[in-house]
Amino acid sequence: MAENAHSTIRSLDPRGRWSELSQAERDAAYDNNAAVKNSAALIAERNEASSRLRGTLKSHLDLPYGERANNRIDLYPAARPDAPCLVFLHGGYWQRNSRELFAMLVEGVAAHGWSVAIPGYSLAPEVSLTDIVGEIPRALDWLAAHGASHGIAGPVVLSGWSAGAHLVAMALDHPRVQAGLAISGVYDLAPIRDTGLNNALKLTDEEIARLSPLRLPVTQKRLDIAYGNNELPALVNDSIDFHEKRASAGAPGKLISVEGADHFTILEALRRPDGMLVDAARRLLD
């Protein structure tokens, strides 16, 4: 059944005839905002909820972990310093959004006694994707060195959504990370270079080879890979391909299809205390 479903999904992926597509068709293959008709309303609700919660939750905000303007991290410690911590990396195709806009996710795992940390990172075109990828280990280094003094000393599950999921895959080998949860990610950068997204990213051949998780050796830590079954075929297939690559190398982790979810509503599964991805994150430490 799963193989048949995957075969159907692959047949829908426009990258199978990439060379035949117009520029507009290539752009559409990765345009989540256009693919989800009510994306603007979903984003506005997310941002409003995050603004409201960020000022009311127990927190240590805007802590610098590096020298660049976006090198700040928000900490939401649990009652117990040794509680597990979800470190969440935001999305936005490495060129949009900020950590403040995702505070609404704290309540999901916090309801189960977890801490949450949300690092920001620099954005293209001000910096390269190489620079962005390099900032995440520095944020994790800072958390390892200073987290305990802010009430966060437990095991870390590294999670991220969209571009943040790509950054999870790239930082999974960090010694502070016990396991990962990658949501709705892009794991091969080569097609991105052929879309309008590359106007800011300016990807080089070397970056595509060195920063595409599907082109790199597998990290042998547990990584669950999630996607919404109503997402764009390119993202769904990247998730399936990345899971299959890891499975063939004997790396642990599940492939999770969130029924009925698109690229934006999938975050509800990490936002609600009873959400599927909250449960998945918790099980990563079993």
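Preceding this paragraph is the structure being described.
Described in the following lines is the structure provided in the data block.

Reading the values: the criteria
- Residues numbered from 1 in each chain as written.
- Predicted model: local features only at pLDDT ≥ 70, side-chain atom pairs only at ≥ 80, totals over all residues.
- Heavy atoms only, no water.
- Helix = DSSP H or I, 4+ residues; strand = E, 2+ residues; numbered from the N terminus.
- Buried < 20%, exposed > 50% of the residue type's maximum accessible area, 1.4 Å probe, protein only.
- Contact = heavy atoms within 4.5 Å.
- Areas by Shrake-Rupley, 256 points an atom, 1.4 Å probe, with all protein chains shown as cover.
- Lys, Arg positive; Asp, Glu negative; His and termini not counted.
- Charge placed at Lys NZ, Arg CZ, Asp CG, Glu CD.
- Pairing = 2+ DSSP bridges.
- Axes fitted to C-alpha atoms, helices over the stretch in contact; angles between N-to-C directions.
- Salt bridge = Lys/Arg side-chain N within 4 Å of Asp/Glu carboxyl O.
- Expected span 1.5 Å × (residues − 1).
- Core = buried A, V, L, I, M, F, W, Y, C linked by side-chain atoms within 4.5 Å.
- Phe/Tyr/Trp six-rings, centres within 6.5 Å; stacked < 30°, edge-to-face > 60°.
- Arc of directions from axis to C-beta.

**What about the overall build of the protein chain?**
Along its length, the protein chain carries 12 helices and 8 strands. Counting only residues that meet the buried cut, the protein chain has 55% of its 286 residues in that class. Considering only intrachain contacts with a sequence separation of at least 6, the fraction spanning at least 24 residues in the protein chain is 72%. Accessible surface, the protein chain as shown: approximately 11,700 Å² in total, 51% of it carbon and sulfur. Taking the average place of the 29 positive charges on the side chains of the protein chain and the average place of its 35 negative ones, the gap between the two points comes to 3 Å.

**Side note on the sheet that holds strand S8 (residues 255-258)**
If you walk across this open sheet you meet the 8 strands as S1-S2-S4-S3-S5-S6-S7-S8, and the pairing is mixed. Looking at the sheet topology across the chains shown, the edges are occupied by strand S1 (60-64) and S8. Direction aside, the axes of adjacent strands within the sheet are offset by 20 degrees on average. Bridge count between strand S3 (residues 85-89) and strand S4 (residues 115-119): 3 bridges; the pairing is parallel. For Leu86, the partnering residue across the bridge sits in S4 and is Val116. Contacting S3, strand S5 (156-161), strand S6 (177-183) and strand S7 (223-228), helix H7 (residues 163-171) crosses the sheet at an angle of about 145 degrees to S5.

**Observations regarding the side chain of His243**
By the secondary structure assignment, His243 is in helix H10 (residues 233-248). Those residues within four positions of His243 in sequence are excluded, and the remaining contacts are Ile225, Gly253, Lys254 and Leu255.

**Considering the pattern of salt bridges**
By the definition in use, this model includes 20 salt bridges. For Arg193, the salt bridge goes to Asp205, with nearest N and O atoms at 2.5 Å. Taken together, the residues Arg193 in the loop between S6 and helix H8 (198-201) and Asp205 in helix H9 (residues 205-211) connect sequence positions 12 residues apart. When its relative accessible area of 57% is taken as the criterion, Asp205 is described as exposed. Taken together, the shared-partner salt bridges in this structure form one network comprising Arg54, Asp62, Asp74, Arg99 and Glu100.

**Details of helix H6 (residues 129-146)**
Helix length check: H6 (18 residues) gives 26 Å between terminal C-alpha atoms against 26 Å at 1.5 Å per residue, within 8%. Of all the positions in H6, only Leu129, Ile132, Val133, Glu135, Ile136, Ala139, Leu140, Trp142 and Leu143 are classed as buried.

**Quick word on the nonpolar core**
Grouped together as the largest cluster of nonpolar side chains are 55 residues, with contacts concentrated most on Tyr30 and Trp94. With 8 residues, H6 is the single largest residue contributor to this core. Not counting chain neighbours up to four residues away, the residues in contact with Tyr30 comprise Arg15, Trp18, Tyr93, Val186, Pro191, Ile192, Thr195, Leu197, Leu232, Ala234 and Leu235. Counting 35 residues, the second-largest nonpolar core is a separate cluster that includes Ile43, Met104, Ala226 and Ile266.

**A look at the packing of aromatic side chains**
Evaluation of the coordinates by the stated rule reveals 6 aromatic pairs. Ring centres of Phe102 and Trp161 lie 5.7 Å apart, and the angle between their planes is 50 degrees; on these two criteria the pair is classed as tilted. Remark: Trp161 occurs in strand S5 and Phe102 occurs in the loop between S3 and helix H5 (106-110); sequence separation between them is 59 residues. Both residues of the pair, Phe102 and Trp161, belong to the buried class. By way of ring pairs, the aromatic residues Phe88, Phe102, Trp161 and Phe264 are connected into one cluster.

**Examining helix H12 (residues 276-283)**
Looking only at H12, the buried set comprises Leu277, Val278, Ala280 and Ala281. Each buried residue of H12 lies within a common arc of 160 degrees when the element is viewed along its axis, so the set occupies one face.

**Topic: the pairing of strand S2 (residues 72-76)**
Counting buried positions over the 5 residues of S2 gives 4, a clear majority of the element. As judged from the 3 bridges shared by S1 and S2, these two strands associate in the antiparallel manner. If you follow His60 over to S2, its bridge partner there is Leu75. Direction of pairing for S2 relative to S4: antiparallel, over a ladder of 4 bridges. By the bridge assignment for S4, Leu75 is matched with Ala117.

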